[in-house]
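If you want the building blocks of each chain, they are given just below.
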Amino acid sequence: QVQLVESGGDLVQPGESLRLSCVASGSILSVDFAAWVRQTPGKQREIVASITSGGITYHADSVKGRFTISMDNAKNTISLQMNNLRPEDTAVYYCNANLVTEQRARLPNQWGQGTQVTVSS
């Protein structure tokens, strides 16, 4: 069974750091594209950062200079390093990815279950 599994969410104080990980498990050959998307109750989902298999990245203005997305192609793992966290970063963070299976089938727009990040003093 193909799935995205996130981890790393926690309760931290402002200014602290967290590292989120998303592992694409199952018969996965590669991750073509991945993004971290966050959701806060009452607000629209926000694309925080994205990365292509070739390493081209995007970071939202709200996190630029504080968050860094990366991908380990060998391990099919997408990470989000979050530094200098702020209360407004509090949200459920979801991993979203376009996957290719070992059978060369494309599985677009796959979502993980989400991981809670809470920034509070």
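Just so we're clear, the structure is a prediction, and the values are computed from it rather than from any experiment.

S.K.: Mind showing me how you'd approach the state of the cysteines here?
M.R.: Think of a disulfide as a covalent bridge from one cysteine sulfur atom to another cysteine sulfur atom. Tallying each qualifying case throughout the model produces one disulfide. One disulfide bridge connects cysteine 22 with cysteine 95, the sulfur atoms lying 2.2 Å from each other. Disulfide cysteine 22 to cysteine 95: torsion about the S-S bond roughly -80 degrees, handedness left-handed. Here the residue cysteine 22 occupies a position in strand 3 (residues 18–25), and cysteine 95 occupies one in strand 9 (residues 91–101), the gap between them amounting to 73 residues. Each member of the pair, cysteine 22 as well as cysteine 95, carries the same accessibility label: buried.

S.K.: Whenever I open this one, the sheet that holds strand 1 (residues 3–7) confuses me. Can you help?
M.R.: Sheet strands pair by backbone hydrogen bonding; their relative direction is either parallel or antiparallel. Judged by pairing direction, the sheet is antiparallel, and its four strands sit side by side in the order 1-3-8-7 without closing on themselves. Edge positions in the sheet fall to strand 1 and strand 7 (67–72), since each has one partner strand and no second. Averaged over all neighbouring strand pairs, the angle between strand axes comes to 15 degrees, with direction disregarded.

S.K.: Looking at this structure, how should I read the pairing of strand 8 (residues 77–82)?
M.R.: Side-chain direction in a regular strand flips from residue to residue, so the side chains alternate between the two faces of the sheet. Burial analysis of strand 8 places five of its six residues in the buried class, the great majority of the element. Across six bridges, strand 3 lies against strand 8 in antiparallel orientation. Across the sheet, the residue bridging to arginine 19 is glutamine 81, located in strand 8. As judged from the six bridges shared by strand 7 and strand 8, these two strands associate in the antiparallel manner. Along strand 8, the bridge assignment pairs threonine 68 with glutamine 81. Following strand 7, the chain reverses through four residues before pairing antiparallel with strand 8; asparagine 76 in that reversal takes a positive phi of roughly 50 degrees.

S.K.: Sorry if this is basic, but what is going on with the environment of serine 7 here?
M.R.: With respect to the helices and strands, serine 7 occurs in strand 1. Residues serine 7 and cysteine 22 lie 15 residues apart in sequence; the distance between their C-alpha atoms is 6.5 Å. Excluding anything up to four places from it in sequence, serine 7 contacts Arg19, Leu20, Ser21 and Thr115.

S.K.: Would you mind going over unusual backbone geometry with me for this structure?
M.R.: Peptide bonds are trans in most cases, and residues, glycine excluded, mostly fall at negative phi. For asparagine 84, which is not glycine, the phi dihedral falls at a positive 50 degrees. On the secondary structure map, asparagine 84 appears in the loop between strand 8 and strand 9. Assessed through its relative accessible area of 41%, asparagine 84 is described here as partly exposed. You will see that asparagine 109, though not glycine, has its phi angle at about 55 degrees, which is positive.

How each quantity is defined
Residue indices follow the written sequence of each chain, beginning from 1 at its first position. For a predicted model such as this one, the threshold for reporting local features is a pLDDT of at least 70, and the threshold for listing and counting side-chain atom pairs is 80 or more; totals across whole chains, interfaces and linings nevertheless cover every residue. Only hydrogens and water are removed before side-chain values are computed, so all heavy atoms of the structure are retained for them. Note that a disulfide, as used here, is simply two cysteine sulfur atoms within 2.5 Å. Helix and strand labels come from DSSP, where a helix needs a run of H or I of at least four residues and a strand needs a run of E of at least two; each type is numbered from the N terminus. Accessible area is worked out with a 1.4 Å probe on protein chains only. A residue is then buried under 20% of its type maximum, exposed over 50%, and partly exposed in between. When DSSP finds two or more bridges between two strands, those strands count as paired. Axis definition: a line fitted to C-alpha atoms, over the contacting stretch in the case of helices. Angles run 0 to 180 degrees between N-to-C directions. Only heavy atoms matter for contacts: two residues are in contact if any of them lie within 4.5 Å across the pair.

In short, geometric facts, not functional conclusions.
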